[in-house]
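What the coordinates show
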Amino acid sequence: MSITLHRHGGVCRIAVLGRQESAAASAELRAALGEARAAPETGGIELSFYDADTLPRDVIDVLAALLESDAGLKIVAYHALLAHSLMRLGLPVRQVSHHSQHHASAPCCAVVLAGSAQSLDKILHIVGKLPLADAAVFVVQHVDENQVNLLDQLLKTRTDYCVLMPQHLMPVQPGTLYIAPPGHHMKVAHGMVYLTRDRKVQFTRPSIDVLFESLAAEYGNSVLAVLLCGFGRDGVAGCATLRRAGSLVIVEDGADCEGARAMPDAARDAGHFDYVLNLSAIASVAAAALAGDAAAPEGELLDLFLEAVTSQCGYDFRNYQRDSLQRRIRSLMLHCGFNSFAHYQRAVLSDAALFERLTAELPVGVTSFFRHPAQLRQIRDEILPYLASFPMIKLWSAGCSTGEEAYSLAIMLDELGLLERSHLFATDVSPYLLELAKAGLFPAATLDTNRSNYRASGGSLDFDSYLPAGRYLRAPERLRLRVLFHRHSLTGEGIFNEFQLILCRNVLIYFDADLQRQVLQRFARSLHVDGFLVLGPQDGLNQAALAQGFVPWKAGSYIYRRGGACHE
């Protein structure tokens, strides 16, 4: 991290590069703010964060104090998540977007897939995912001239495109896939396929460069080109020609290619590409390009995108309810300035900031302190006193979002004298939401609701004694230190402890039935034999819980045990 301070027109401008990830970085920023505040004749402070997506609790406190003191502080955030986190707490911030509005582009008239060693399976995979469109598809692969090429036979079983090993001067037709024959260069010009026996290029015939350069001249910015695994440098010059013509060039990530990464790495090192993606991401982007700018994030296109997100970045939303996903993706596209799903997914799969925003906002993080207070009152009055017989109580708030539920449990344990001998784990899939939870700062606008829920849950003191009102609400250190926040995916990761109490409320409702079953099975394996599972009253999972062997603790409570009789 680096901080620069300069004065212009009486205003102290502080620029912060890098993330605020250490105590030393926070101390340096606080010192810079102090210096700017103490400067004579200061006409205000403009503080710009270029990279940070969250800020430490102590830095936010300093910013709030400066705003209260009327120091003329203006905060500028270049990261959408930082702007979101500060506005959530009522701190004024101006967001500077990196992305301008993306308008419709030229329709994709041609897709070309090219590769050499270890590219066969990748070509088969991508072609199998392409929707039939009013476009032509070209495939060129390095093969020995004396080898029988069966690629056309293999592809015919995987696509609705008409698959041809073309003849010389064959017209190019939409909805057709053309494969470069062994021993011939394939070119496209004036709507015709040309096959030649010209000299080898980069020791190969057919040549990727030859086909790429002809397509650049024929289709210009209507080409999507993919360079896959292989050896040598064939395709590097062709990628440069395509980019000069305005075509979209994708290079496969060399990590996908095992030993045969020389060819895509050479194109990447030369800078002749728009995106470097893995196989799943390439299939998704190519399919969306052929579907066109009007195609919505639904059906097979949405499935491919979720597969790409999982393989490229490790976040698995494939079994989330589709209606919810579609609504939230459309909303994110709009807020990020994209009116085309094809453009949006290219950006998400290549831009870390956009991807972080997707993973933070795609899960529905609706939460509050003491939400569903009647259910929490049952936990306070009956379940926690029962668990008090354990020498150490282990609790898990699964899908904790910004942490309100976890801190609510900590308050309840504190009031029952159980906090010191409790281990309270809180998990979520989003690192961004977990950082907000760890900071323990919450919007003041929720105070009235929090007070009401606290009283309805059986709280014996005053909610404000735990989180006093101010510009925002602050969880006390003694509660923050008792909650262990860490990242965990309910959809893709296993059990990590045995718990006497598991709460997972208003999370599973967004999963499909199969994923709900899998997660309930994980909870069954994570639950102590005398433990309790708490689901949300709105989750509608009673039958699913019964099917996994859970038994209602009390009728209508949405609290379950692993077995035994219903408690009346």
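Coordinates for the structure precede this section.
Residues numbered from 1 in each chain as written. Predicted model: local features only at pLDDT ≥ 70, side-chain atom pairs only at ≥ 80, totals over all residues. Heavy atoms only, no water.

**Quick word on the sheet that holds strand β6 (residues 110-115)**
Spatially, β8-β10-β7-β6-β13-β14-β15 is the arrangement adopted by the 7 strands of the open sheet, whose pairing is parallel. Two strands close off the open sheet at either side, each with one partner strand: β8 (162-164) and β15 (275-277). Averaged over all pairs of adjacent strands, the angle between strand axes in this sheet comes to 20°, irrespective of strand direction. Bridge count between β8 and strand β10 (residues 176-179): 3 bridges; the pairing is parallel. Note that in β10 the partner of L164 across the bridge is Y178. On the sheet, helix α6 (residues 208-219) packs against β6, β7 (136-141) and β13 (223-227) and is oriented at approximately 165° with respect to β6. (Pairing = 2+ DSSP bridges. Helix = DSSP H or I, 4+ residues; strand = E, 2+ residues; numbered from the N terminus. Axes fitted to C-alpha atoms, helices over the stretch in contact; angles between N-to-C directions. Contact = heavy atoms within 4.5 Å.)

**What to know about a nonpolar patch on the surface**
Taken together, the side chains of L120, L150 and L154 make up a nonpolar region of the molecular surface, amounting to roughly 230 Å² of accessible area. Relative to the helices and strands, L150 resides in the loop between β7 and α5 (151-156). (Patch = residues over 30% accessible without salt bridge, like charges linked within 9 Å, V, L, I, M, F, W, Y side chains within 5 Å. Areas by Shrake-Rupley, 256 points an atom, 1.4 Å probe, with all protein chains shown as cover. Salt bridge = Lys/Arg side-chain N within 4 Å of Asp/Glu carboxyl O.)

**Here we look at the nonpolar core**
L224 and F523 are the most contacted members of the largest nonpolar core, which totals 83 residues. Ranked by residue count, the leading element in this core is helix α9 (residues 279-291), at 9 residues. If you look at the next biggest cluster of nonpolar residues, it comprises 41 residues, including L376, C400, L434 and L479. (Core = buried A, V, L, I, M, F, W, Y, C linked by side-chain atoms within 4.5 Å. Buried < 20%, exposed > 50% of the residue type's maximum accessible area, 1.4 Å probe, protein only.)

**Some thoughts on the packing of aromatic side chains**
Inspection of the entire model under this criterion finds 22 aromatic pairs. Measuring from ring centre to ring centre gives 5.5 Å for F369 and F463, while their planes differ by 70°; the resulting arrangement is edge-to-face. Of the two residues, F369 is situated in the loop between α13 (352-361) and α14 (373-387) and F463 in the loop between α17 (447-456) and β19 (472-474); the sequence distance between them amounts to 94 residues. Both residues of the pair, F369 and F463, count as buried. On the numbers, 5.6 Å between centres and 80° between planes, the contact of F425 with F499 is edge-to-face. With a gap of 74 residues between them, F425 in strand β17 (residues 422-428) and F499 in strand β21 (residues 499-504) connect regions that are remote in the sequence. There is no split in this pair, since F425 and F499 are both buried. Among the aromatic residues, those joined into a cluster by ring pairs are F369, F370, Y407, F442, Y454, F463, Y466 and F485. (Phe/Tyr/Trp six-rings, centres within 6.5 Å; stacked < 30°, edge-to-face > 60°.)

**A closer look at the environment of V309**
Along the chain, the position of V309 falls in helix α10 (residues 299-313). Counting along the chain gives 239 residues from V309 to Q548, while the straight-line C-alpha distance between them is 30 Å.

**Remarks on the pairing of strand β14 (residues 248-252)**
If a strand is regular, its side chains alternate between the two faces of the sheet. Among the 5 residues of β14, 5 are classified as buried, and the element is accordingly described as predominantly covered. Here β14 shows two buried faces, one formed by L248, I250 and E252 and the other by V249 and V251. Direction of pairing for β13 relative to β14: parallel, over a ladder of 4 bridges. Within the sheet, the bridge partner assigned to V226 lies in β14 and is I250. In the classification by handedness, the crossover that spans β13, the intervening helix α7 (residues 236-244) and the parallel β14 is right-handed. Across 3 bridges, the pairing between β14 and β15 is parallel. Residue E252 lies in a different strand from β15, and its bridge partner there is L277. (Right-handed = clockwise from strand over helix to strand, strands pointing away.)

**A short note on α14**
Between its first and last C-alpha atoms α14 spans 19 Å; for 15 residues at 1.5 Å apiece the expected length is 21 Å, and the two agree. Taken as a whole, α14 carries its principal kink of about 40° at R380. Tucked inside the fold, the buried residues of α14 contact β16 (393-398), α15 (404-415), α17, β21, β22 (527-535) and β24 (559-561). (Expected span 1.5 Å × (residues − 1). Bend = angle between axes of the 7 residues up to and from the residue.)

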